[in-house]
Amino acid sequence: MTQQTDIVKLITEGIQDKKGRRITHIDLSGIETAAASNFIICEGSSSMQVSAIADNIREHLLEQAGIKPYNYDGYQNAKWIVIDYGDTLVHVFVREMRDLYNLEELWSDAPLTEIPDLD
């Protein structure tokens, strides 16, 4: 498993631990203008769940791999939290914001993998 695959797997586990839904991995490695090689997108049902998912991702990567984010933002209203792991950006949304910004459509020319919900 490559480091890139590892981080995507760990992020996915962190999301699933807190019952995050509609997880999507967008592989942007083939797009020169992209801000990162990977986008991981998911959603929570409330701002409280969005915060819990984002916290759990950060804790899970630190505990399992010693990886800290470069930065994160969005906790103020917790409608859209982004966590920056350099080559991988994690976007945790409430559904309304996810539908509004529709990052999957924005990057529709990149390979997209939907990760099934656990339940």
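See the structure shown above.
In this text the structure is predicted, and so the values were computed from the model without any measurement.

### A few points about the overall build of the protein
Thinking step 1. Check the secondary structure of the protein and you find four helices and six strands.
Thinking step 2. When the helices and strands of the protein are listed from N to C terminus, the series reads α-β-β-α-β-β-β-α-α-β.
Thinking step 3. Taken against the 2.2 N^0.38 rule, which gives 14 Å for 119 residues, the C-alpha radius of gyration of the protein at 13 Å falls within 12% of a compact globule.
Thinking step 4. In terms of its C-alpha atoms, the protein occupies a principal-axis envelope of roughly 35 × 35 × 30 Å.

### Some words on the sheet that holds strand β5 (residues 88-94)
Thinking step 1. Read from one edge to the other, the open sheet built from six strands follows the order β3-β4-β5-β2-β1-β6, with strand pairing classed as mixed. Here the strands that pair on one side only, and so sit at the sheet edges, are β3 (71-73) and β6 (112-115). The mean inter-strand angle of the sheet, taken between neighbouring strand axes irrespective of direction, is 15 degrees.
Thinking step 2. Taken together, the five bridges between strand β1 (residues 21-27) and strand β2 (residues 38-44) define a ladder with antiparallel strand orientation. Following the sheet pairing, Ile26 is matched in β2 by Phe39.
Thinking step 3. Against the sheet, helix α2 (residues 47-65) touches β2, β3, β4 (80-84) and β5, its axis set at about 160 degrees to β5.

### Here we look at the pairing of β5
Thinking step 1. When you tally the buried positions in β5, you get seven out of seven residues, the bulk of the element.
Thinking step 2. The two faces of β5 match: Thr88, Val90, Val92 and Val94 on one face and Leu89, His91 and Phe93 on the other face are all buried.
Thinking step 3. As paired elements, β2 and β5 share seven bridges and run parallel to each other. When the bridges of β5 are listed, Glu43 appears paired with Phe93.
Thinking step 4. Across five bridges, β4 lies against β5 in antiparallel orientation. Bridging from a neighbouring strand, Ile81 pairs with Val92 of β5.
Thinking step 5. Count of turn residues in the β4/β5 antiparallel hairpin: three residues, of which Gly86 carries a positive phi of about 80 degrees.

Quick notes on the rules
Residues numbered from 1 in each chain as written. Predicted model: local features only at pLDDT ≥ 70, side-chain atom pairs only at ≥ 80, totals over all residues. Heavy atoms only, no water. Helix = DSSP H or I, 4+ residues; strand = E, 2+ residues; numbered from the N terminus. Rg over C-alpha atoms; globule rule 2.2 N^0.38 Å. Pairing = 2+ DSSP bridges. Axes fitted to C-alpha atoms, helices over the stretch in contact; angles between N-to-C directions. Contact = heavy atoms within 4.5 Å. Buried < 20%, exposed > 50% of the residue type's maximum accessible area, 1.4 Å probe, protein only.

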